[in-house]
Amino acid sequence: MPLSRPPKDLLRPFVRQLWVSDGGGARSGGSGREMMLPSVSPHLVLRLAENPLRIFWNRDDAEGFTVSAAVIGGPRSAPYVKDTSQPVATVGAVLTPGAAGLLLGAPAKQFSGRHTALEDVWGVAPVAELRQRMWAARSASCRLDLFEAALVARLPRLRGIDPMIARALAGFEAGASVGAVVGQSDYSHRHFVRRFTESVGLKPKTYCRLLRFGRVLDRLAAGPSETAADLAAEAGYADQAHLTREFRRFADLSPGRYRRMAPRFARHVAL
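Residues numbered from 1 in each chain as written. Predicted model: local features only at pLDDT ≥ 70, side-chain atom pairs only at ≥ 80, totals over all residues. Heavy atoms only, no water.

**Some points on the overall build of the protein chain**
Of regular secondary structure, the protein chain possesses 11 helices and 11 strands. Here the protein chain has a C-alpha radius of gyration of 19 Å; the compact-globule value for 271 residues is 18 Å, and the two agree. C-alpha atoms of the protein chain, sized along the principal axes, occupy 50 × 45 × 30 Å. The buried share of the protein chain, reckoned over its 271 residues, is 47%. Of the contacts made within the protein chain by residues no fewer than 6 positions apart, 75% connect residues no fewer than 24 positions apart. In the form shown here, the protein chain has an accessible surface area of approximately 13,500 Å², with 51% of it arising from carbon and sulfur atoms. (Helix = DSSP H or I, 4+ residues; strand = E, 2+ residues; numbered from the N terminus. Rg over C-alpha atoms; globule rule 2.2 N^0.38 Å. Buried < 20%, exposed > 50% of the residue type's maximum accessible area, 1.4 Å probe, protein only. Contact = heavy atoms within 4.5 Å. Areas by Shrake-Rupley, 256 points an atom, 1.4 Å probe, with all protein chains shown as cover.)

Laid out in structure tokens, this is it:
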């Protein structure tokens, strides 16, 4: 099982969660592949082995492509498939929407919907040194500490999160509409959308749709017997058909099939 924990106070504006896995044990599912469902949160992942992450365009793609052993996974509104046939020790962080770009050193929009080699942003030598130090660490918890220290070391170069973006994210989390949040920002709709997309990597409406989709995933995990109609009503969809369309759009699965597959982790669906 992966070891995970919240970051230190200094990192909490920028990082939601830190985790480490020793790579032991095979994934469920016989294909050696896993479909990753969309997320508003960018991810930073370092594999402590030389084989790079392999990504497939979709479930029918037989070849795929490799990225790097150190990867920035941007916010995304569509699923992707990754190779899990050779599990390796891995360290990662779930980053905070709106603040991730500050920690990474580039606008979040640059990473949206794609996987980027961390070396392209932080440089080859610093990433190689960090991976080597974590590989030599005595335990998973030591690796997590080293990773956290490396992230903290970047903080002096950071600015604070844009207050407008912080207010918008809080409003969307509370269920406010895009129109209401724009109205409270004192900016034009076009200017608001441009600044939000630059900072978060997703357009405001897409971000809100993904938040709602995430709430459905959480409800399915917490109450697997809950009906689709109840899920739709509680999450704010117009009706069950609306929920099903959105779920297929973001997961490439119906809610019923997702429920039957019973993923071990909400956004990791073994194929």
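Here the narrative resumes, following the displayed structure.
**Notes on the nonpolar core**
In terms of nonpolar packing, the biggest core is built from 37 residues, with Phe 172, Phe 192, Phe 196 and Tyr 207 touching the most fellow members. When residues of this core are traced back to their parent elements, those giving at least two are α5 (163-173), α6 (178-185), α7 (189-200), α8 (204-222), α9 (228-235) and α10 (240-251). Top contributing element to this core by residue count: α8, with 8 residues. Those residues within four positions of Phe 192 in sequence are excluded, and the remaining contacts are Met 164, Ala 168, Phe 172, Val 181, Val 182, Ser 185, Tyr 187 and Pro 204. By size, the runner-up hydrophobic cluster in this structure holds 31 residues, among which are Val 15, Leu 95, Leu 102 and Leu 130. (Core = buried A, V, L, I, M, F, W, Y, C linked by side-chain atoms within 4.5 Å.)

**Let's talk about helix α3 (residues 124-136)**
If you check α3, its first and last C-alpha atoms are 18 Å apart, about what 13 residues at 1.5 Å a residue would give, namely 18 Å. Those residues of α3 that sit buried are Val 127, Leu 130, Arg 131 and Met 134. Each buried residue of α3 lies within a common arc of 95° when the element is viewed along its axis, so the set occupies one face. Residues of α3 that are exposed and point more than 90 degrees away from the buried face comprise Val 124, Ala 125, Glu 129 and Ala 136. (Expected span 1.5 Å × (residues − 1). Arc of directions from axis to C-beta.)

**Remarks on the sheet that holds strand β9 (residues 90-95)**
Ordered by their spatial adjacency, 6 strands build an open sheet running β1-β2-β9-β4-β7-β10, and the pairing between neighbours is antiparallel. Here the strands that pair on one side only, and so sit at the sheet edges, are β1 (3-5) and β10 (115-117). Ignoring which end each strand starts from, the neighbouring axes of this sheet average 20° apart. Relative to strand β7 (residues 70-73), strand β4 (residues 43-47) runs antiparallel, the two sharing 4 bridges. (Pairing = 2+ DSSP bridges. Axes fitted to C-alpha atoms, helices over the stretch in contact; angles between N-to-C directions.)

**Observations regarding the pattern of salt bridges**
Taken as a whole and judged by the stated rule, the model has 11 salt bridges. Here Asp 145 and Arg 5 are joined by a salt bridge, their closest N and O atoms 3.0 Å apart. Of this pair, Asp 145 sits in helix α4 (residues 140-152) while Arg 5 sits in strand β1, and the two are 140 residues apart along the sequence. We note a salt bridge from Asp 252 to Arg 59, for which the minimum N-O separation is 2.7 Å. Here Arg 59 lies in the loop between β5 (54-56) and β6 (65-66) and Asp 252 lies in the loop between α10 and α11 (255-261), a separation of 193 residues in the sequence. Among the residues examined, Asp 252 registers a relative accessible area of 42% and is labelled partly exposed. Where salt bridges share partners, they join Arg 5, Asp 145 and Glu 148 into one cluster. (Salt bridge = Lys/Arg side-chain N within 4 Å of Asp/Glu carboxyl O.)

**Here we look at the environment of Val 94**
Tracing the sequence through the fold places Val 94 in strand β9. Sequence separation between Val 94 and Ala 170 is 76 residues; the distance between their C-alpha atoms is 18 Å. The residues touching Val 94, leaving out its near neighbours within four places in the chain, are Val 15, Arg 16, Gln 17, Trp 19, Ser 41, Pro 42 and His 43.

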